Structure formats: C-alpha cells, structure tokens
Amino acid sequence: YSFDQCEIDRNFSYYKKLPKKEKVATPKNMKLKFEPNSAQLNRKDEATMADLAALKEELKNVCEDPYSQLKELHFKGYSSPDGQYAKNVPLSKERTKNVFNEIYYGLPRWAQEKVYHTDSGFVATWEDIAALMEKDSLVSEAIAMRENIAKNPTNMDAQWTSMLKLPFYKTSMTKYRDDVRSVKCEYITEV
C-alpha cells in the first residue's frame, strides 16, 4: 500500500490558522465631576482627570497598534434627577458633549475621520437612586422614595419636590446622587 497522498506537510502550513478580524467592544464607566450647575469638567478633581487621561491613553494605544483599528466611539452621560427636569436634560447632553469632545479631538486626525461616533445625555431616575440605597441596606429610605415616585410616576419635577421633603434627603441621598452622575463610554475596535 502507498500512503503518498497522506504524507504530512513538514512545515504544517496547511494547518496554520489564518488571522481573522474580530470586533471587540470595551465599555468604560467614568465618574466625572463637573462644576456645580455647569457642563464644565472640574479640572481640580484628581479622579476625574485620571479617568480622562486613562481613556485617552487607552484609545491612543488602540490607534497606534498596527493590528487594531478604532471603529466606533459612543458616549452616554447621566445627570442626577436633582433639580428641574427641563434643565437637567440639556445639561446632561452638554456635559456628555464636552467629555466626548475632550476625548475625540485628542485622537489622531486620521482616526477621527474613520470612527463612527455618538453622544447622548440622559437624566437618571429617582428609582436608580432608590435601588442604590436599597443595595446598601437603606431599605426604609428606598421604600419612602418609591412611595413618592408612585404618587407622581411620570412627573420628574413633582418627584424632586417630594424628595426634598424627605428627612434623609440632605444626609443620605447626597452620596447616591453623585453615584448616578456618570459618563459611560463604549468603543469598538477591530482587531
């Protein structure tokens, strides 16, 4: 019997895996601080500046890597529900736009021209804050908040007015309002 047709390629080139392009999504959640009632970043806050610098460096590395290409860049900003809803929505959008511009215009020009990008701003809900408080075992406070939400399920301004009257508004809620103020970035690379 002859096994010539079954002879193994000594270089194994036939069995070598060829590289495939894969899209990789990388989400980032940044807790950025802004000037009060302003869309300007608080540049004196070290954590804010460190988060921005880390994302810039990460995206710069992606752009400079010959085996990857930045394809998409998406930003979603969230403001706290404190204050008038009609003012919070544009403030949230403006804050998100400022962060987006800070990151996007830090990219090399050739990368800017190739990347698909979006930015949008939202107002977090009081339910988001109630869920965070409940997670930290502040169950009675979360129940009181949900009762206020149920009285005015669609009116954010009425909800805010009723939250102001809660005895723990200034003490317990401050930390959680800060926790919902964030900017989320997701970038998609092709590797």
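For the structure, see preceding data.
Residues numbered from 1 in each chain as written. Predicted model: local features only at pLDDT ≥ 70, side-chain atom pairs only at ≥ 80, totals over all residues. Heavy atoms only, no water.

A. The arrangement of the pairing of strand 4 (residues 182–190) in detail. Along strand 4, seven of the nine residues are buried, which leaves the element largely enclosed by surrounding structure. Pairing geometry for strand 1 (residues 23–30) and strand 4, over eight bridges, is antiparallel. Bridging across to strand 4, Asn 29 finds its partner in Lys 184. One ladder, built from nine bridges, connects strand 2 (residues 69–79) with strand 4; its direction is antiparallel. (Buried < 20%, exposed > 50% of the residue type's maximum accessible area, 1.4 Å probe, protein only. Helix = DSSP H or I, 4+ residues; strand = E, 2+ residues; numbered from the N terminus. Pairing = 2+ DSSP bridges.)

B. Representation of the pattern of salt bridges. Counted by the stated rule, this structure contains nine salt bridges. Residue Glu 134 pairs with Arg 146 through a salt bridge whose shortest N-O separation is 3.2 Å. Placement of the pair is Glu 134 in helix 4 (residues 126–135) and Arg 146 in helix 5 (residues 139–151), with a sequence separation of 12 residues. A residue is classified by how much of its surface remains accessible, and Arg 146, at 25% relative accessible area, is partly exposed. In this structure, Asp 179 and Lys 175 form a salt bridge, with 3.0 Å as the shortest nitrogen-oxygen distance. Taken as a pair, Asp 179 and Lys 175 lie in helix 7 (residues 173–180) at a separation of four residues, close to a single helical turn. Classification of Asp 179 by relative accessible area gives partly exposed; the value is 27%. One connected set of salt bridges, linked through shared partners, spans Arg 43, Lys 56 and Glu 102. (Salt bridge = Lys/Arg side-chain N within 4 Å of Asp/Glu carboxyl O.)

C. Spatial organisation of the packing of aromatic side chains. Evaluated as defined, the whole model comprises four aromatic pairs. Here the aromatic rings of Phe 75 and Phe 100 are separated by 5.6 Å at their centres, their planes lie at 80 degrees, and the arrangement is edge-to-face. Linking Phe 75 in strand 2 with Phe 100 in helix 2 (residues 85–104), this pair joins segments that are 25 residues apart in sequence. Here a set of aromatic residues connected by ring pairs shows up, and it is made of Phe 75, Phe 100, Tyr 104 and Tyr 105. (Phe/Tyr/Trp six-rings, centres within 6.5 Å; stacked < 30°, edge-to-face > 60°.)

D. Broad picture of the state of the cysteines. Applying the stated criterion across every chain yields a total of zero disulfides. Cysteine Cys 63 remains unbridged, with the sulfur of Cys 185 as its closest cysteine sulfur at 12 Å. Classification of Cys 63 by relative accessible area gives buried; the value is 7%. The class for Cys 185 is buried, based on a relative accessible area of 2%. (Disulfide = S-S within 2.5 Å.)

E. Spotlight on the environment of Leu 52. Mapped onto the secondary structure, Leu 52 falls in helix 1 (residues 46–64). The buried category is assigned to Leu 52, whose relative accessible area is 1%. Note: C-alpha distance between Leu 52 and Lys 17 (35 residues apart in sequence) is 38 Å. If we ignore the near neighbours within four places in the chain, the residues touching Leu 52 are Leu 32, Leu 41, Val 99, Glu 102 and Ile 103. (Contact = heavy atoms within 4.5 Å.)

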